[in-house]
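The chain contents come next:
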Amino acid sequence: MTGPDRRGRRGRGGPLVVRYLLLLVVLALTVGPFLWQLSTSLKGPGEDIYRYPPSLVPEHPTLANYAAVGRVIPVWDFALNSVRVAVANVLTNCAGAALAGYALARLRFRGRRCAVVVFVMAMLVPVESIMIAQFMTMRQLQLNDTLLGVVLPGCIGAMNVLLMRNAFAALPYEVEEAAYVDGAHAWQRFVRIALPSVKGTLAVVAVFAFMGAWDDFLWPLIVLSDQSKFTLTVGLNYLHGTFANDQRLVAAGSVIAVLPLIVLFACLQRYFFRGVGEGAVKG
């Protein structure tokens, strides 16, 4: 028994090493650019950021580049506008996608299957192809050059609705049937039973909605013209144009833009990875 077990472990050693090597390559490709930007943002003017071999550890770390970004552009005002847009996008997507997903998964009404097909088809339409129609709609509603006009087109995403629909559909019917027998109507079943059981998927929707709103560049650039209402991604574009040669300031602005996403994911990661057992019933 001992011999085959040892041979089996030795046989699995090769594939295991390959897996870890692939994981290290993926880690370098995904985390490497961020580490490079972080290192560049902390380097002083006396350090060569283009030297070879490159150095990720600054010789004399400084936060002066972050302060300089605030002097060049009103970065904190732009960040506040992005926070407003992102928070509004998260709230509308979580509420709207949960309600629509529950209706598609649990309620019986004519045209339910057609509605699901419409949401699937909406995911296949490139956003760039409908931006002119969105802009014309915002102008007719007199919402252009407002943060509400930035939020409204993405307030409920089709993918988020389908995610919530699949999460609600995975829940056992028996639990809600017991509540129905006890006299609970649809709203009570949704709020007290169904919604608490899909916290993981709701966290996924929140992360996706926040990332989509925070990283969006093209739509805010089209709909906004007043600089005081610019979001952070649009404002950082001015940093690139004004100081194209000073990559330290560009790197500092990029780190400022990425940090809220890291904080959000760190807070919600416990719920984010609960998707596998989302529909399970606890004894």
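Residues numbered from 1 in each chain as written. Predicted model: local features only at pLDDT ≥ 70, side-chain atom pairs only at ≥ 80, totals over all residues. Heavy atoms only, no water.

### Description of the packing of aromatic side chains
Under the convention used in this document: Each Phe, Tyr or Trp ring, with Trp reduced to its six-membered ring, pairs with another whose centre is within 6.5 Å; inter-plane angles below 30 degrees give stacked pairs, above 60 give edge-to-face pairs, and intermediate values give tilted ones. Runs of E in the DSSP output that reach at least two residues are strands. Runs of H or I that reach at least four are helices, and both are numbered from the N terminus. Three labels apply to residues, based on accessible area from a 1.4 Å probe with only protein chains included: buried if under 20% of the type maximum, exposed if over 50%, partly exposed otherwise in between. Whether a charge sits over a ring comes down to the Lys NZ or Arg CZ being within 6 Å of the ring centre and within 35 degrees of the ring normal.
Overall, the coordinates contain six aromatic pairs when judged by the stated rule. With centroids separated by 6.0 Å and ring planes inclined at 55°, the aromatic side chains of Phe168 and Phe190 adopt a geometry described as tilted. Placement of the pair is Phe168 in helix H7 (residues 158-169) and Phe190 in helix H9 (residues 186-194), with a sequence separation of 22 residues. Just as Phe168 is buried, Phe190 falls in that class too. Put simply, the rings of Tyr102, Phe168, Trp187 and Phe190 pair up and form one aromatic cluster. Here the guanidinium or amino end of Lys43 rests over the ring plane of Trp36, the centre of that ring lying 5.7 Å away.

### Some points on the confidence of the model for the protein chain
The predicted coordinates should not be examined in detail at positions where pLDDT is low. Heads up, the rule is: Summary of the metric used: pLDDT quantifies the predictor's per-residue confidence within the range 0 to 100.
Per-chain confidence: the protein chain averages 82 in pLDDT, with 89% of residues scoring 70 or above. Within the protein chain, helix H1 (residues 2-41) has the poorest average pLDDT of any element, 75, and helix H6 (residues 147-151) the best, 93.

### Regarding unusual backbone geometry
With phi around 60°, Gln142 is a residue other than glycine that occupies positive phi space. Turning to its location among the elements, Gln142 is positioned in the loop between helix H5 (131-140) and H6. You can call Gln142 exposed: its relative accessible area is 67%. One non-glycine residue, Asp145, lies in the positive phi region at around 65°. Looking at where Asp145 falls in the secondary structure, it is placed in the loop between H5 and H6.

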